[in-house]
Amino acid sequence: MFSGSDSSEKPASALSADELAARTAGLVGYHYTVDDYYQVGREEVRKHATAVQTAHPTHWNEDKAREYGHDTLIAAPTFVSVFGITAQRFLFEEVVMGYDLWQIMQTDQRLIYHQPMKVGDQLICDVSLESFRHLSSPETLDMMVSKNVIWNQHDEPVMTTYTSLVARTGVEVDPALVDSLDHVMMKVDEFGKPAKTVNRPPASKDQPDPTESPKAYSAINFDSLSVGQELEPKTFLLTRGNLVNYAGVVGDPNPIHFSDEVVKAAGLDGVVAHGMQTMGLGATYVSEFIGDPAAFCEYNVRFTAPVYVPADGSAEVDFTAKIKSLDPETRKGTIALVAKQGEKKIFGRATVVVQFN
């Protein structure tokens, strides 16, 4: 439990936008380690693979995974969204308190891979608030970046993530929105309380970031590639069923992904897909080209527009990409990714760094 504020202070829910910003700014640099590890399960890997529409054999078939050089099934490159929601929930419920779920929008995501997540991993997460900025014009916004460093049970680094978030704290809450939220938010009488299973020293801000990089595994040969080479375009379809399934798989209860009533009251144009869901589709697209999803070294996306999904049809998300650069010394390459819904770009900047053979 976070205890960095005096008990005589007003509760976070009663703070004004400026008071909340001042409180949050004071938390920059705060580090903690999540008390309970997350164990990667075989069926969770498959459920997430379905949610991001990948049939790559490394997520489904142990024999095939071994042929690719893995000792068991590996998770898809954005599986961290399943595990990360727990750390993010703690951040906003116990540390950076006072923000409503519907106020927060993810704007940037950076994933740095040290090795693939795999079935049986017991993942331990160090979390910190890296930066905070408060804007009061033209609208009141709180911009923050959180960092997760994820380790396995062998104290080996698995992934480092940076998540940029924007909270619209100056919005007058429409009573209709409050009523809509009350009718659609998940109801749980009481959450169970896991035991403390992580007993190592808490995260320290002085701890250096991991620098390990994944192997090429069964990725395609570097020598077969050229700068400017284009990947075959691909279109994914998203329906409300896809959105609800994804929300269940990652444990995200935000109603903007399924409720027409809430998005109307919140002033959105419609129900929107999760940013990490569209990022997962992009990873699926790149994985099909490179041959082995475990060869991802880094994946960066700036989200510029949501994908709106109609109640009575499908949303088409179109992906194109080309090889932006190749480094013959490291045999790594950078792939630039474009994602669109119609003529609207949903990624402002998206790159994947890959370790090729």
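Source: prediction; values computed, not measured. (Residues numbered from 1 in each chain as written. Predicted model: local features only at pLDDT ≥ 70, side-chain atom pairs only at ≥ 80, totals over all residues. Heavy atoms only, no water.)

A. Examining the overall build of the protein more closely. From N to C terminus, the protein includes 8 helices and 12 strands. A compact globule built from 357 residues should have a C-alpha radius of gyration of about 21 Å, and the protein, at 21 Å, falls within 12% of that. For the protein, the proportion of contacts with a sequence separation of at least 24, taken over those separated by at least 6, is 76%. When the accessible surface of the protein is summed, it comes to about 16,900 Å², and 51% of that surface belongs to carbon and sulfur atoms. Considering the protein, the positive charge centre built from 31 side chains and the negative charge centre built from 48 side chains are found 4 Å apart. (Helix = DSSP H or I, 4+ residues; strand = E, 2+ residues; numbered from the N terminus. Rg over C-alpha atoms; globule rule 2.2 N^0.38 Å. Contact = heavy atoms within 4.5 Å. Areas by Shrake-Rupley, 256 points an atom, 1.4 Å probe, with all protein chains shown as cover. Lys, Arg positive; Asp, Glu negative; His and termini not counted. Charge placed at Lys NZ, Arg CZ, Asp CG, Glu CD.)

B. A look at the UniProt feature "domain: MaoC-like" (unreviewed entry) in the protein. Here, the residues flagged by UniProt with the feature "domain: MaoC-like" (unreviewed entry) are residues 227-325. Here residues 227-325 runs as 34% helix and 24% strand, with 6 Å between its end C-alpha atoms. (UniProt positions renumbered as here; feature names shortened; annotations may be inferred.)

C. How the structure looks around the side chain of T33. Residue placement: T33 occurs in strand β1 (residues 31-33). What makes T33 buried here is its relative accessible area of 11%. A polar side-chain atom of T33 sits 2.7 Å from a polar atom in the side chain of D126. (Buried < 20%, exposed > 50% of the residue type's maximum accessible area, 1.4 Å probe, protein only. Polar contact = N/O pair within 3.5 Å; in protein donor to acceptor, adjacent residues only side chain to side chain.)

D. Spatial organisation of the pairing of strand β12 (residues 347-355). When you tally the buried positions in β12, you get 7 out of 9 residues, the bulk of the element. Two elements, strand β8 (residues 296-303) and β12, share 7 bridges in a ladder whose sense is antiparallel. Paired with N300 across the two strands is T351, which belongs to β12. Looking at chain direction, strand β10 (residues 332-341) and β12 are connected through 5 bridges and run antiparallel. In the strand pairing of β12, I335 is matched with V352. (Pairing = 2+ DSSP bridges.)

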